[in-house]
Amino acid sequence: IPENKVYSETDYKRYFEIDPPPPPKETDQERRRRRRMKKPESVTGSKKESKKRKRTSNDISQERDDAAQSANLDVDAKLDSCPNNRKKQKTMVSDLTNEECLLLDDRAIKSGRSETGESLRMSPRLLRKNRCKKCALCKMRDCGKCMTCLRNLEGQSGSSKEVCLRKMCCTLPIEVKAQPAVGFPPGWTFIFGDARKASFRGVIHPPLINGLSIIAPNGRKYHSVEAAKIHNKAKVGDIDTVSLQFFAQIGIASYEIDSSHFLVGKGYCHEWTDIKGRKNILFGVITSCSRDSRVTDDVMFTVEYSNESASFVKSISNSFGCPIPSAQLIPSALAWGGCVAFERRHKSRRGHGSVVRSIDKSMSCKSWVTPDMRIEEMVDNGDGLTLPKLTIIFRGFKLVFSVKKSTKPDAGNGLFVKCFSLMNDMDASGGEKAKVPESLFLNAGELLDLGIYAPFRSEDKKHECIFKLKNYIYSQVCEEWCFNAMEDDHQYDITDDLSGDVHDLAKKHVLMYVNECGINETPTIHAEFDPEGSVHYLLGVSYNGSWKDYEEGLKQMNIKAGGDEVEVFVNYGQDYERARLRKGYSTLLGEDKKVALEEMESCETGFVQDVSEYTLEELSKCVDFFNSTFSNANLNERNFTMIDEEVKRRCLTVLNKLELCTKAFLENEVEEQSKVLGMLQTVSNILKDVVELKTNNFQRLSDNNIT
């Protein structure tokens with residue numbers, strides 16, 4: 001359809017209530033005439049070349065050529081508004097050379113708009129010709145799955161190829177490279193940016209599409225179709241239809257609903273420990289199964305929570321994550337584990353439809369279990385330092401988690417666990433000691449919830465633009481202590497806004513002291529989201545469908561009653577590689593390490609340039625962060641007298657950039673002019689306050705024995 005929408009025959013009939021137009025039939029005479037027109041002047045006698053020429057011409061239909069021509073004419077119509085382009089107005093975009101395209105849009109590309117203010121969105125063909133070929137996205141391989149890649153492979157794009165939708169050059173403005181989002185209402189666009197700029201420690205969850213940003217007509221960005229639907233319920237259509245059409249455009253695997261799956265209709269429960277150490281539990285039912293049509297192992301389930309159960313948890317909740325949704329998408333392992341836990345809790349493990357009886361060793365399973373009792377306190381470690389200590393009672397064992405010097409070289413403190421049996425001194429009725437397990441017992445797939453890692457305060461949940469700003473100010477140190485939140489545009493950050501170090505409340509919990517394991521070691525701590533969106537650390541060995549790997553992990557964990565203290569480790573995944581590079585224990589070698597260091601440096605230097613692409617709402621958030629953090633009133637309240645010289649330099653750099661961007665909005669925004677004027681005045685006042693600050697290392701005047 002000319003409006004950049006794609007319909008199947010069934011959808012076309014449903015939307016337009018008519019049959020789709022038939023493909024144009026070409027007579028034999030017209031086909032021979034077209035072949036003669038395509039035939040080159042010099043024809044060799046090679047059969048191989050003639051067959052190749054014949055195969056290429058058959059793939060190109062006249063209808064597709066007309067569609068490509070009309071798309072290019074739309075781009076030319078927008079470029080006509082530039083006076084510098086009048087000599088090129090009658091030239092097809094697909095016929096221009098790379099140098100001509102650069103001359104054609106040199107002025108427009110820098111701003112993304114013509115002299116009349118109209119947006120100059122480029123077609124995929126023009127985007128390919130104007131790419132820099134040096135940035136991270138330009139150096140990527142074509143995905144081979146998106147609509148433009150498929151058109152290139154089939155020869156439908158003509159003589160000039162189109163850019164892969166996942167390789168939109170980083171140097172081009174958003175207004176220029178944003179493409180219409182198929183399935184969304186008119187005005188909605190999308191881009192693919194460098195995923196490494198926004199990739200921090202993540203929790204294994206229904207994954208987001210790295211680098212994807214869906215842009216609403218008002219300029220707000222979303223990183224998933226679900227997030228766009230939540231914030232625009234009336235504007236975005238049916239979520240399944242939109243996802244199907246949009247994912248087909250960008251080449252993401254399409255999911256099919258499997259209503260006949262064994263788990264559909266089964267009971268589900270999930271238990272966890274809240275921020276105060278209390279046990280919470282949710283009950284629900286598995287309502288649907290989504291299976292990837294191309295990958296059989298990729299299965300997701302939708303669980304619908306009971307209203308009574310969810311409302312009771314909400315009434316006592318003190319979480320700073322997000323409200324419990326009525327329905328949630330969960331991975332296959334968590335669905336199987338939740339159904340098994342439901343049957344164990346209700347003692348309904350018998351019968352033909354039992355989940356416990358149907359599951360086998362080849363099925364991945366994950367089930368949360370909570371302690372019977374727990375207490376966390378601050379204790380003296382004997383060296384004059386006060387450090388946290390966690391004691392847990394679970395299934396007849398006492399687990400004591402304490403903070404000591406790590407066994408890893410140059411890793412600082414680490415978290416150790418020692419196991420005690422609560423039944424060793426008890427005699428059975430026959431006069432013999434009661435038989436108890438020698439080590440901590442967890443069923444396959446069970447993970448013991450140790451508590452919340454983040455967030456502890458409302459300030460720990462930051463918008464993505466604010467966290468990037470703070471991370472830049474403190475030289476990328478903050479990303480060592482952050483996690484991606486369940487909401488795609490937020491981060492969990494447990495560092496202090498004025499120092500960049502871990503804040504005092506997080507230091508009172510043992511989980512922040514967990515170190516990362518080696519590349520060949522099995523992690524005994526796992527990071528997961530609870531239904532409220534908070535990040536938890538779970539103790540145990542994950543079960544991924546291999547009994548041999550599970551037993552090997554148990555041997556490495558080695559938590560025995562009365563045994564030695566064991567240090568526990570976590571694996572933060574590939575997204576933590578930048579922190580590993582800074583700390584000096586990266587697993588990358590040779591050329592890969594060199595490339596990663598260059599990318600890390602470019603990400604840091606490119607942040608200030610990215611500020612110019614912020615929306616007015618994002619600029620306002622950044623200004624509010626500066627106003628609440630570096631104002632004289634806050635500095636006096638927190639007893640901070642000096643600021644680090646590098647932090648001051650970076651603050652001034654960002655503030656000057658914010659001032660320029662705010663002035664640019666002041667020239668364009670008419671409706672919110674008073675708001676922009678207030679932002680500009682606030683930025684000017686903060687600039688004066690930061691300039692007057694003394695530079696030195698941070699000095700905290702208040703007494704604090706927590707290190």
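Just above sits the structure.
Residues numbered from 1 in each chain as written. Predicted model: local features only at pLDDT ≥ 70, side-chain atom pairs only at ≥ 80, totals over all residues. Heavy atoms only, no water.

Notes on the overall build of the chain
Per the secondary structure count, the chain includes 24 helices and 25 strands. Of all 707 residues assigned to the chain, the portion counted as buried reaches 45%. Partitioning the intrachain contacts of the chain with sequence separation of at least 6 by distance along the chain shows that 66% fall at a separation of at least 24. (Helix = DSSP H or I, 4+ residues; strand = E, 2+ residues; numbered from the N terminus. Buried < 20%, exposed > 50% of the residue type's maximum accessible area, 1.4 Å probe, protein only. Contact = heavy atoms within 4.5 Å.)

A look at a negative patch on the surface
Together, Glu591, Asp592, Glu598 and Glu601 make up a negatively charged patch on the protein surface. By the secondary structure assignment, glutamate 591 is in helix α19 (residues 590–605). You can call glutamate 591 exposed: its relative accessible area is 53%. (Patch = residues over 30% accessible without salt bridge, like charges linked within 9 Å, V, L, I, M, F, W, Y side chains within 5 Å. Areas by Shrake-Rupley, 256 points an atom, 1.4 Å probe, with all protein chains shown as cover. Salt bridge = Lys/Arg side-chain N within 4 Å of Asp/Glu carboxyl O. Lys, Arg positive; Asp, Glu negative; His and termini not counted. Charge placed at Lys NZ, Arg CZ, Asp CG, Glu CD.)

Concerning the pattern of salt bridges
Evaluated as defined, the whole model comprises 23 salt bridges. For the salt bridge of arginine 151 with glutamate 162, the shortest nitrogen-to-oxygen distance reads 2.9 Å. A residue pair is termed long-range when its members are at least 10 positions apart, and arginine 151 in helix α8 (residues 147–154) and glutamate 162 in the loop between α8 and α9 (174–177) qualify at 11 residues. Its relative accessible area of 8% is what places glutamate 162 among the buried residues. For aspartate 493, the salt bridge is made with lysine 470, and the minimal N-O distance between the two is 2.6 Å. Placement of aspartate 493 in strand β18 (residues 490–493) and of lysine 470 in helix α15 (residues 464–473) is noted, with a sequence separation of 23 residues between them. Note on accessibility: aspartate 493 and lysine 470 belong to one class, buried.

So, the environment of serine 364
Within the secondary structure, serine 364 sits in the loop between α14 (355–358) and β10 (367–369). Distance in space between the C-alpha atoms of serine 364 and tyrosine 543 is 5.8 Å, their sequence separation being 179 residues. Excluding residues that lie within four positions of it along the chain, serine 364 makes contacts with Ala333, Trp336, Tyr543, Asn544 and Gly545. At a separation of 3.3 Å, a polar atom in the side chain of serine 364 contacts the main-chain carbonyl oxygen of asparagine 544. (Polar contact = N/O pair within 3.5 Å; in protein donor to acceptor, adjacent residues only side chain to side chain.)

Quick notes on helix α13 (residues 332–346)
Here α13 spans 21 Å end to end across 15 residues, near enough to the 21 Å set by a 1.5 Å rise per residue. Burial within α13 is extensive, with 11 of its 15 residues counted as buried. The complete set of buried residues in α13 reads Ser332, Ala333, Leu334, Ala335, Trp336, Gly337, Gly338, Cys339, Val340, Ala341 and Glu343. Lysine 347 sits one or two residues past α13 and shows a positive phi near 55°. (Expected span 1.5 Å × (residues − 1).)

Some words on the pairing of β18
Side chains of β18 alternate between two faces, with His490 and Tyr492 and Gln491 and Asp493 buried alike. Here strand β16 (residues 461–463) pairs with β18 via three bridges, running antiparallel. What sits directly across from lysine 461, in β18, is tyrosine 492. Bridge count for strand β17 (residues 482–484) against β18 is three bridges, and the pairing is antiparallel. Among the inter-strand pairings, asparagine 484 is bridged to a residue of β18, identified as glutamine 491. (Pairing = 2+ DSSP bridges.)

Details of the packing of α15 against helix α21 (residues 616–629)
Axis separation between α15 and α21 bottoms out at 9 Å; the angle between their running directions is 50°. As judged from the angle between their axes, α15 and α21 are oblique. The interaxial crossing formed by α15 with α21 has right-handed handedness. Where α15 abuts α21, its residues Cys465, Ile466, Leu469, Lys470 and Ile473 lie against Glu618, Lys621, Cys622, Phe625 and Phe626. Residue classes in the contact of α15 with α21 are distributed as seven nonpolar, no polar and three charged. (Axes fitted to C-alpha atoms, helices over the stretch in contact; angles between N-to-C directions. Parallel < 35°, antiparallel > 145°, perpendicular 65-115°, else oblique. Left-handed = near helix turned anticlockwise from the far one by under 90°. Nonpolar A, V, L, I, M, F, W, Y, C, P; charged D, E, K, R; others polar.)

A few points about the sheet that holds strand β14 (residues 413–421)
By way of backbone hydrogen bonds, the strands of a sheet pair with one another, either parallel or antiparallel. If you walk across this open sheet you meet the five strands as β11-β12-β13-β14-β22, and the pairing is antiparallel. Because the sheet does not close on itself, it has two edges, and the strands there are β11 (373–380) and β22 (566–567). Sheet topology note: the strand β12 (residues 386–394)/strand β13 (residues 397–405) ladder contains six bridges and is antiparallel. Across the sheet, residue lysine 389 finds its bridge partner in β13, namely serine 402.

Here we look at the pairing of strand β9 (residues 327–331)
Remember that side chains alternate between the two faces of the sheet whenever the strand is regular. Burial along β9 is one-sided: the residues Gln328 and Ile330 are buried and none of Ala327, Leu329 and Pro331 is. Bridging between strand β8 (residues 299–305) and β9 involves five bridges; their strand directions are antiparallel. By the bridge assignment, threonine 302 is partnered in β9 with leucine 329.

Topic: the nonpolar core
Counting residues in hydrophobic clusters, the biggest one holds 48 residues, and the most contacted among them are Leu399, Phe401, Tyr453, Tyr537 and Leu539. Sorting the residues of this core by element identifies β12, β13, β14, β15 (446–454), β20 (525–529), β21 (535–539) and α17 (547–557) as the ones contributing at least two each. Of all the elements, β15 adds the most residues to this core, at five residues. Setting aside anything within four residues of it in sequence, one finds phenylalanine 401 in contact with Lys389, Leu390, Ile392, Leu415, Phe416, Val417, Leu450, Val510 and Leu539. (Core = buried A, V, L, I, M, F, W, Y, C linked by side-chain atoms within 4.5 Å.)

What about the sheet that holds strand β3 (residues 212–215)?
The four strands are arranged β1-β2-β3-β4 in an open sheet whose pairing can be described as antiparallel. Unpaired on one side and paired on the other, β1 (179–180) and β4 (221–222) mark the two borders of the sheet. Both strand β2 (residues 189–192) and β3 contribute to a ladder of four bridges, which runs antiparallel. Counterpart to threonine 189 in the pairing with β3 is isoleucine 215.

A look at α17
Within the span of α17, buried status applies to Tyr550, Gly553 and Met557. Taken down its axis, α17 places every buried residue within 60° of arc, on the same side. α17 presents Lys548 and Lys555 as exposed residues on the side facing more than 90 degrees away from its buried surface. Turning to α17, the residues buried within the fold contact β21 and β22. Phi turns positive, to about 55°, at asparagine 558, one or two residues after α17. (Arc of directions from axis to C-beta.)

Observations regarding unusual backbone geometry
Trans peptide bonds make up most of the peptide bonds, and negative phi angles are found at most residues other than glycine. In this model, alanine 454 is joined to proline 455 through a cis peptide bond whose omega is 0°. Summarising the element assignment, proline 455 is placed in the loop between β15 and β16. Look at serine 475: it is not a glycine, yet its phi comes out positive at around 55°. Mapped onto the elements of the fold, serine 475 is located in the loop between α15 and β17. With relative accessibility at 28%, the residue serine 475 sits in the partly exposed group.

Comments concerning the side chain of aspartate 274
In this fold, aspartate 274 is placed in the loop between β6 (267–273) and β7 (279–292). Looking at aspartate 274, its side chain comes within polar contact range of the main-chain nitrogen of lysine 276, at 3.1 Å. Excluding residues that lie within four positions of it along the chain, aspartate 274 makes contacts with Asn280 and Ile452.

A look at the packing of aromatic side chains
According to the stated counting rule, one finds 18 aromatic pairs in the structure shown. Consider the rings of phenylalanine 626 and phenylalanine 630, whose centres lie 5.9 Å apart with planes at 40°: the pair is tilted. Each of the two residues, phenylalanine 626 as well as phenylalanine 630, counts as buried. Across from the ring centre of tryptophan 547, 4.8 Å away, lies the NZ or CZ of lysine 361, which sits over that ring. (Phe/Tyr/Trp six-rings, centres within 6.5 Å; stacked < 30°, edge-to-face > 60°. Lys NZ or Arg CZ within 6 Å of the ring centre and 35° of its normal.)

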